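Next come the chains, spelled out residue by residue.
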Amino acid sequence: MVATTQLRRLGIGLGVVGILCIWLWRMWGDKSPTGVLLKESLEFLEGKQPVIRASCNGEQIRLILDTGTGYHIALFKGQEKQTQLFQQAILDGRTYDGAPLYRLPYLRVQRAKVKSAHLVIAHIVGDEEFAKKYFKGTQGLLGFAFLKHFVTTIDWKSKRVTLSHSLSHDLPTLHVLPLKQVRFKGLRFPAINVRFGDKDLLCVLDTGSDISMLPASATEKFSYERISLVLRAVNSQGEQEAWWVGRVGPVTVGPLTIPTLVMQSPNLHVRPKAPSFLYQLISQGYGVIGCDVLHKFRLAIIDGPKSKVYFET
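Residues numbered from 1 in each chain as written. Predicted model: local features only at pLDDT ≥ 70, side-chain atom pairs only at ≥ 80, totals over all residues. Heavy atoms only, no water.

K.L.:
Hey, could you run me through the pairing of strand β5 (residues 73–76) in this one?
P.N.:
The side chains of a regular strand alternate between both faces of the sheet. Here β5 shows no split at all, with Ile 73 and Leu 75 on one side and Ala 74 and Phe 76 on the other all buried. Pairing analysis gives four bridges linking β5 to strand β8 (residues 112–122), with the strands arranged parallel. When the bridges of β8 are listed, Ile 73 appears paired with Leu 119. As paired elements, β5 and strand β9 (residues 140–143) share three bridges and run antiparallel to each other. Counted as the bridge partner of Ile 73 is Leu 142 from β9. (Buried < 20%, exposed > 50% of the residue type's maximum accessible area, 1.4 Å probe, protein only. Helix = DSSP H or I, 4+ residues; strand = E, 2+ residues; numbered from the N terminus. Pairing = 2+ DSSP bridges.)

Following this line, the structure appears as structure tokens:
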């Protein structure tokens with residue numbers, strides 16, 4: 001009788017321990033300081049911008065990882081009608097550069113989650129047609145307001161991305177730089193100092209841009225050699241921006257020195273009435289380092305919580 005009672009108590013004890021272990025495992029998966037919250041394979045657009053297909057608030061959608069977008073998430077105009085995610089959004093009552101802002105109670109991409117996220121409908125010239133041609137059916141952009149809460153590791157060689165709470169790679173193999181944040185119109189963007197010859201320029205790290213850019217104010221100082229002029233449509237009214245295409249060098253980004261880099265720079269003689277957000281940002285004197293440079297690294301790691309950037313060639 002005593003033995004039976006002891007066995008029952010042992011069984012109950014083991015059951016409680018088992019339930020506790022399951023609960024801890026679930027908690028560990030979501031909130032471990034070192035756990036991987038997202039690990040997905042990457043696709044690349046023609047301009048090398050990284051694209052993931054992941055569960056976003058329970059819905060599988062394709063998003064461009066865009067550190068040059070200051071919102072948590074942006075859906076391309078026309079795509080919001082086709083996503084359940086938009087049905088969860090509440091109109092914020094404010095607008096940003098003419099675009100209405102929406103608020104989500106939370107944004108969860110796989111197991112990476114932030115509370116109270118902003119969603120914006122991004123107006124792309126040509127809308128669905130443009131997005132289909134250049135962005136290969138992606139629904140929108142996952143921006144820096146979300147990514148800054150995590151360690152974002154882009155493995156360009158293995159075509160994989162991970163989001164985690166802390167760095168999981170060996171530090172001796174990585175080149176580290178301080179991560180700065182550029183503030184513009186209430187939004188924040190990741191930036192690092194980039195060396196042009198013997199001079200430094202603060203540049204935004206933009207995984208959503210296919211090409212690197214130089215402010216007009218820096219072209220003479222850095223001996224920028226103009227090659228050609230390109231026009232970009234910036235709104236549905238047919239307005240265009242003029243951008244120079246030119247060469248500059250040497251350019252040093254972390255451990256990598258590029259002898260000659262082709263960059264674009266705005267032509268200030270052709271100014272639309274409603275310039276693009278990127279045009280306005282660069283007019284503040286900041287440069288942009290895009291995927292044309294970033295994909296030259298094997299690893300690019302943006303550690304938002306600790307304000308560091310790591311590169312491995």
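K.L.:
Any chance you could explain the side chain of Thr 67 here in plain terms?
P.N.:
Within the element layout of this structure, Thr 67 appears in the loop between β4 (59–66) and β5. Take Thr 67: its relative accessible area is 4%, and that puts it in the buried class. With residues up to four places along the chain from it excluded, the contact list for Thr 67 reads Phe 144, Leu 147, Phe 189, Pro 190, Leu 205, Asp 206, Thr 207 and Ile 302. (Contact = heavy atoms within 4.5 Å.)

K.L.:
So what exactly am I meant to see when it comes to the layout of surface pockets here?
P.N.:
In this approach the atoms are scanned with a rolling probe the size of a water molecule, which exposes any empty space left behind. The calculated volume of the second largest pocket comes to roughly 250 Å³. Around the second largest pocket, the lining comprises 14 residues; the ones closest to its centre are Gly 70, His 118, Ala 145, Gly 186 and Leu 187. Listed by contribution, the elements that provide at least two residues to the lining of the second largest pocket are β6 (90–96), α4 (144–147) and β14 (187–196). When the residues that make up the lining of the second largest pocket are grouped by side-chain class, the tally is six nonpolar, four polar and four charged. (1 Å grid on protein atoms, 1.4 Å probe; cavity = no way out; pocket = protein on both sides within 12 Å on 5 of 7 lines; lining within 4 Å. Points joined across faces, edges and corners; volume = space filled by probe spheres on them. Nonpolar A, V, L, I, M, F, W, Y, C, P; charged D, E, K, R; others polar.)

K.L.:
What is the right way to look at the nonpolar core in this model?
P.N.:
Soluble globular proteins: nonpolar side chains tend toward being buried together. Leu 107, Val 109, Leu 119, Phe 146, Phe 196, Val 253 and Phe 311 are the most contacted members of the largest nonpolar core, which has 60 residues in total. Among the elements that make up this core, the one with the highest residue count is β8 (five residues). With near-sequence residues (within four places) excluded, Leu 107 lies in contact with Cys 56, Asn 57, His 72, Ile 73, Leu 85, Ala 112, Lys 113, Val 114, Ala 117, Leu 142 and Phe 146. Counting 24 residues, the second largest nonpolar core, distinct from the first, contains Val 51, Leu 141, Tyr 279 and Leu 281. (Core = buried A, V, L, I, M, F, W, Y, C linked by side-chain atoms within 4.5 Å.)

K.L.:
In this structure, what is going on with the packing of aromatic side chains? I would like to understand it.
P.N.:
How two aromatic rings sit relative to each other is given by the distance of their centres and the angle of their planes. The final tally for this structure, using the stated rule, is eight aromatic pairs. Residues Phe 44 and Trp 156 carry aromatic rings whose centres are separated by 5.6 Å and whose planes lie at 15° to one another, so their mutual orientation is stacked. Here Phe 44, found in strand β2 (residues 43–44), pairs with Trp 156, found in the loop between β10 (151–155) and β11 (160–164); they are 112 residues apart in sequence, far enough to count as distant. Between Phe 86 and Tyr 102 the ring centres are 4.9 Å apart and the planes differ by 70°, which places this aromatic pair in the edge-to-face class. Highlighted residues: Phe 86 in helix α2 (residues 84–87) and Tyr 102 in strand β7 (residues 99–109), separated in sequence by 16 residues. The same class applies to Phe 86 and to Tyr 102, which are both buried. (Phe/Tyr/Trp six-rings, centres within 6.5 Å; stacked < 30°, edge-to-face > 60°.)

K.L.:
Would you take a moment to explain the environment of Glu 43 for this structure?
P.N.:
Here Glu 43 lies in strand β2. Taking the relative accessible area as the measure of exposure, Glu 43 reaches 38% and is therefore partly exposed. Spatially, the C-alpha atom of Glu 43 lies 9.3 Å from that of Ile 64, the residues being 21 residues apart in sequence. Glu 43 has contacts with Gln 49, Pro 50, Val 51 and Arg 62, leaving out every residue within four places of it along the chain. Here Arg 62 takes part through its side chain, which lies 2.7 Å from a polar atom of the side chain of Glu 43. (Polar contact = N/O pair within 3.5 Å; in protein donor to acceptor, adjacent residues only side chain to side chain.)

K.L.:
Is there a simple way to explain the sheet that holds strand β16 (residues 225–233) in this structure?
P.N.:
One key point about sheets: their strands pair by backbone hydrogen bonds, in either a parallel or an antiparallel sense. Judged by pairing direction, the sheet is antiparallel, and its three strands sit side by side in the order β16-β17-β20 without closing on themselves. Two strands bound the open sheet, and with one partner strand each, they are β16 and β20 (261–266). For this sheet the average axis-to-axis angle between neighbouring strands, irrespective of direction, equals 30°. Looking at chain direction, β16 and strand β17 (residues 240–248) are connected through eight bridges and run antiparallel. Its bridge partner lying in β17, Arg 232 is registered against Glu 241. (Axes fitted to C-alpha atoms, helices over the stretch in contact; angles between N-to-C directions.)

K.L.:
How do you make sense of empty space enclosed by the protein when you look at a structure like this?
P.N.:
The final tally for this structure, using the stated rule, is one cavity of 30 Å³ or more. A volume near 80 Å³ is recorded for the largest cavity. In this structure, the largest cavity is lined by Thr 67, Thr 152, Ile 154, Trp 156, Leu 205, Thr 207, Leu 294, Ala 300, Ile 301, Ile 302, Val 309 and Phe 311. Among the elements of the structure, β10, β22 (299–303) and β23 (308–312) are those that each provide at least two residues to the lining of the largest cavity. Sort the elements by how many residues they give to the lining of the largest cavity and β22 lands first, with three residues. For the lining of the largest cavity, the class distribution of residues is nine nonpolar, three polar and no charged.

So yeah, pure geometry; function would need other evidence.
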